[in-house]
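Okay, here's what each chain looks like letter by letter:
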Amino acid sequence: MQVDAVLVFFCVWLRSQAGNLQTKQATKRHQNGRRWWSQNCPIYKRSPDLTKSPMTKSEQLLRIDNHDFTMRPAFGGPPIPVGVDVQVESLDTISEVDMDFTMTLYLRHYWKDERLSFPSTNNQSMTFDSRLVKKIWVPDMFFVHSKRSFIHDTTTDNVMLRVYPDGNVLYSLRVTVTAMCNMDLSRFPLDTQTCSLEIESYAYTDDDLMLYWKKGNESLNTDDRISLSQFLIQKFHTTTKLAFYSSTGWYNRLYIHFTLRRHIFFFLLQTYFPATLMVMLSWVSFWIDRRAVPARVPLGITTVLTMSTIITGVNASMPRVSYIKAVDIYLWVSFVFVFLSVIEYAAVNYLSTVQERKERKLRERLPCTCGIGNPDEMMIDPQITGYGSMDVNTTGNYGMPENGGRQEQILAQVALNDPQIANRVKPSRGYVNIWIDTHAIDKYSRVVFPGAYILFNIIYWSIYS
């Protein structure tokens, strides 16, 4: 111990004295002293760090040529544990037509391969790119139910390999994958979808490779800036299960589940609100006179065609599923309401035509009313007409039809109340109640149609919201 202390002191003194020498001979002695100092002084006598040596190749340092990396680590022994963690960079697209989603993520693997251990004092790990990955063993992961996937290669392959002195390995790559997502659209567009990305080893069963999430549910990280135009991301979580194949055996499978809730505001503006306005527009015909055929008929046809266009536009952007969606129920019920408003006017027009035809036939079968006394007096006389003195105001407009056929109604009633005329007319059941107020159908429709549609909306939104 004392000898080492003396040597250290002598080395320090020699270095300080060598710095003050100016002559060529002193400089030469100084160089010889530095050489002796670096070789014998204990404070400068260290083991060489091979990771810092530019003359040492990584293949030689990792002894790649000394091992067969076509076999997994600890081949023939227990299964090698491979931890996985994922950082989701973006959710690019979600397609209802193709039933898939596209995701970009950083996929990282962790395992230990003692064949890659190396001596190091200063450098804790060594980092390589994709060129070394092809020379060593890495887990053969793939995405189950994927349609398309690729590793980003701009400007070079986005692959990183980090090897630690004890043989621990971190293997990271940036991947974009398009995978299948089975969606249930029965509640569309008021639906919530859950999609899954599944990761599995292709060749190694659970006897050779044990795949697990490195930190449980915390192994999945997401970017806070992830957002979708149609969906709200509610939750990300992970699970682990075993998958069985009849020909090859059991495999560990990792799942990334994410739950998405669809934004409804877009569909309110583009689908529900226009459909509701078309139904309300069809009710306008109930306030239009039944004799205004050019006004009521085009209004009904226009609303029916508009509803057909809305239904066609919605179904054009949706997959051709074999079940009824929530939006289909709303649109088709709205279409039925619009269609019934057209049928309502057809019923009003038909009943009016039937009424006029009956009055015309009755008028042809009645004898001439010239022999009847003053019609005004006959209508006022309660014994003939059946009206009291309170009906004078209501019948005072005789000769000026109010609802089309008012005059024929009064004449028919007067004629049938005259015993002499009534005996000449063959009784017919069809002429007992010849007056039908066709305007009453419009009056009832003004209440029934809005009330039924409001009730439908209450039931619909209470079920699907």
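Residues numbered from 1 in each chain as written. Predicted model: local features only at pLDDT ≥ 70, side-chain atom pairs only at ≥ 80, totals over all residues. Heavy atoms only, no water.

Where an unreviewed UniProt entry is consulted, the protein chain appears under the name Gamma-aminobutyric acid receptor subunit rho-1, with the organism given as Oryzias sinensis. Listed in UniProt under the heading Catalytic activity (unreviewed entry), the comment for the protein chain reads: "chloride(in) = chloride(out)". Under the UniProt heading Sequence similarities (unreviewed entry), the note attached to the protein chain is "Belongs to the ligand-gated ion channel (TC 1.A.9) family. Gamma-aminobutyric acid receptor (TC 1.A.9.5) subfamily. GABRR1 sub-subfamily." (UniProt positions renumbered as here; feature names shortened; annotations may be inferred.)

> Which parts of the structure should I look at to understand a nonpolar patch on the surface?
There is a patch of nonpolar side chains on the surface, built from Val293, Val297, Ile301 and Leu305 and spanning about 310 Å² of accessible area. Structurally, valine 293 is set in helix 6 (residues 293-316). Among the residues examined, valine 293 registers a relative accessible area of 35% and is labelled partly exposed. (Patch = residues over 30% accessible without salt bridge, like charges linked within 9 Å, V, L, I, M, F, W, Y side chains within 5 Å. Areas by Shrake-Rupley, 256 points an atom, 1.4 Å probe, with all protein chains shown as cover. Salt bridge = Lys/Arg side-chain N within 4 Å of Asp/Glu carboxyl O. Helix = DSSP H or I, 4+ residues; strand = E, 2+ residues; numbered from the N terminus. Buried < 20%, exposed > 50% of the residue type's maximum accessible area, 1.4 Å probe, protein only.)

> Teacher, can you tell me more about the pattern of salt bridges here?
When their charged atoms lie close together, side chains carrying opposite charge are able to pair. One pass over the structure, following the stated rule, counts 15 salt bridges. In this structure, aspartate 208 and arginine 72 form a salt bridge, with 3.4 Å as the shortest nitrogen-oxygen distance. Within this pair, whereas aspartate 208 is found in the loop between strand 8 (192-201) and strand 9 (209-213), its partner arginine 72 is found in the loop between helix 3 (58-61) and strand 1 (80-95), the two being separated by 136 residues in sequence. Note on aspartate 208: relative accessible area 27%, which makes it partly exposed. For arginine 72, a relative accessible area of 2% puts it in the buried group. Overlapping salt bridges, with partners in common, bring together Glu96, Asp191 and Arg262 in one network.

> Explanation requested: the sheet that holds strand 11 (residues 231-245) in the structure shown.
In any sheet, the strands associate via hydrogen bonds between backbone groups, in a parallel or an antiparallel arrangement. Read across the sheet, 4 strands follow the order 4-8-12-11 without closing on themselves; strand pairing throughout is antiparallel. Both outer strands of the open sheet, strand 4 (141-144) and strand 11, are each paired with one neighbouring strand and no more. Across the sheet, the mean angle separating the axes of adjacent strands is 25° when strand polarity is ignored. Pairing of strand 11 with strand 12 (residues 249-262) involves 14 bridges; the strand directions are antiparallel. Bridge pairing in strand 12 places threonine 240 opposite leucine 254. (Pairing = 2+ DSSP bridges. Axes fitted to C-alpha atoms, helices over the stretch in contact; angles between N-to-C directions.)

> Looking at this structure, I do not really get the side chain of aspartate 113. What am I missing?
If you trace the backbone, aspartate 113 turns up in the loop between strand 2 (100-112) and strand 3 (126-128). The exposure class assigned to aspartate 113 is buried, which follows from its relative accessible area of 1%. A polar side-chain atom of aspartate 113 sits 2.9 Å from a polar atom in the side chain of arginine 115. For aspartate 113, the residues in contact, after removing those within four places along its chain, are Phe69, Pro73 and Gly167. (Polar contact = N/O pair within 3.5 Å; in protein donor to acceptor, adjacent residues only side chain to side chain. Contact = heavy atoms within 4.5 Å.)

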